[in-house]
Amino acid sequence: LRGTFTDEIRFTSSDVTKPDSLDGLQLTAIDTNNQPVINTAVADTTAVTVASINHVTIDHLTITGGVKGIVVSGSSATYVSDVNIHDNDISGIASTVMSTISAIELSYAKASVIHDNTIHDVAVTISDASSTYLYGIYVSSGQDIALRRNTVSTFGMNSTLTVASSHFSYVYTFYLNNVS
C-alpha cells in the first residue's frame, strides 16, 4: 500500500485465492518510513476489516477517523489463525452516533499477536445513548493470543449525557473476553 485512502478496506475469505488450502493476506507499507494513511472520517465506518482469513498481517499503517480502526475476525465455528497486527498508528477513532467504538478488534482467533501499535487521541462524544463502549484493543474468543508493547494514550469519553434513564459508559484500553 502507498498513499492516502478514504474508503473502507474490506477482505473476506472469498477475496483470497487458497492454493492447497493455504490462505493469507498482508496489508503493509512499501516504505515503513512513509506509512499509508487510511482516513475514514465517515460515521459508522471501519478502516480495515478482514473476515475469515488465516495468516493475516496488518502492519505499518496510519489509520485516522471512523468508529473502528482494524477488525479481524473468524467465527465461532472456524477460528482464524496466525494474525499479526503490528506497528500501526491509530488515532481519531471517534463517534457521535455509535455506542461501540474500538481501535483494534480481534475475535475468534488463535495463535495471533498484537504488538507495537500506538493508539491515541480517541474520544467518544455521545449525548443520547443508554450505554457506550470504548475499546483500545478488544480481544474476544481467542486462544494463544499475545499482546506486547502496545501504547494507548489520550483515550476516553467526552460526553454530556441527556438521557432520561440511566447511562453506562465503559472505557477499556485493553479488553479480553473468553481468551486462553
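Residues numbered from 1 in each chain as written. Predicted model: local features only at pLDDT ≥ 70, side-chain atom pairs only at ≥ 80, totals over all residues. Heavy atoms only, no water.

### Section: the overall build of the protein
- Looking only at helices and strands, one finds 0 helices and 17 strands in the protein.
- When the 180 residues of the protein are sorted by exposure, 45% land in the buried category.
- Nonlocal contacts in the protein, meaning residues at least 24 apart in sequence, comprise 79% of its contacts between residues at least 6 apart. (Helix = DSSP H or I, 4+ residues; strand = E, 2+ residues; numbered from the N terminus. Buried < 20%, exposed > 50% of the residue type's maximum accessible area, 1.4 Å probe, protein only. Contact = heavy atoms within 4.5 Å.)

### Here we look at the pattern of salt bridges
- As enumerated under the stated definition, the model contains 3 salt bridges in all.
- The partner of Glu105 in a salt bridge is Lys68, and the shortest N-O contact between them spans 2.8 Å. Taken as a pair, Glu105 in strand β13 (residues 100-115) and Lys68 in strand β8 (residues 68-73) lie far apart in primary sequence, 37 residues in all.
- Here Asp116 and Arg149 are joined by a salt bridge, their closest N and O atoms 2.9 Å apart. Remark: Arg149 occurs in the loop between β15 (131-148) and β16 (151-157) and Asp116 occurs in the loop between β13 and β14 (118-124); sequence separation between them is 33 residues.
- Assessed through its relative accessible area of 23%, Asp116 is described here as partly exposed. (Salt bridge = Lys/Arg side-chain N within 4 Å of Asp/Glu carboxyl O.)

### Focus: the packing of aromatic side chains
- Going through the model one piece at a time under the given rule, you end up with 9 aromatic pairs.
- A connected cluster of aromatic rings, assembled from ring pairs, spans Tyr133, Tyr135, Tyr138, Tyr170, Tyr172 and Tyr175. (Phe/Tyr/Trp six-rings, centres within 6.5 Å; stacked < 30°, edge-to-face > 60°.)

### Comments concerning the pairing of strand β10 (residues 83-86)
- Here 4 bridges tie strand β6 (residues 56-59) to β10, and the two strands are oriented parallel to one another. Opposite Val56, over in β10, you have Val83 as the bridge partner.
- Pairing between β10 and β13: 3 bridges, direction parallel. Among the inter-strand pairings, His86 is bridged to a residue of β13, identified as His115. (Pairing = 2+ DSSP bridges.)

### A short note on the confidence of the model for the protein
- Per-residue pLDDT for the protein has a mean of 84; in total, 83% of the residues score no lower than 70.
- Here strand β12 (residues 94-95) stands out as the least confident element of the protein, with mean pLDDT 76; β10 is the most confident, with 97. (pLDDT = per-residue confidence, 0-100.)

### Regarding unusual backbone geometry
- With a phi close to 55 degrees, His55 is a non-glycine residue in the positive phi region.
- Considering the arrangement of structural elements, one finds His55 in the loop between β5 (46-51) and β6.
- We note that Asp121 has phi near 55 degrees; this positive angle belongs to a residue other than glycine.
- Inspection of the secondary structure puts Asp121 in strand β14.
- The class of Asp121 is partly exposed, set by a relative accessible area of 44%.

### Description of a nonpolar patch on the surface
- Residues Leu147, Phe174, Leu176 and Val179 make up a contiguous nonpolar surface patch of about 310 Å² in total accessible area.
- Looking at the secondary structure, you find Leu176 in strand β17 (residues 168-179). (Patch = residues over 30% accessible without salt bridge, like charges linked within 9 Å, V, L, I, M, F, W, Y side chains within 5 Å. Areas by Shrake-Rupley, 256 points an atom, 1.4 Å probe, with all protein chains shown as cover.)

### Describing the nonpolar core
- Ranked by internal contacts, the top residues of the largest apolar core, which has 34 residues, are Val48, Ile58 and Ile63.
- Leave out the neighbours within four places in its chain, and Ile58 touches Leu27, Val48, Val50, Ile70, Val72, Asn84, Ile85, His86 and Asn88. (Core = buried A, V, L, I, M, F, W, Y, C linked by side-chain atoms within 4.5 Å.)

### With respect to the environment of Ser52
- Its place among the elements puts Ser52 in the loop between β5 and β6.
- In this structure Ser52 comes out as partly exposed when scored by relative accessible area, which is 35%.
- Considering only alpha carbons, one finds Ser52 and Gly74, 22 residues apart in sequence, at a separation of 4.5 Å.

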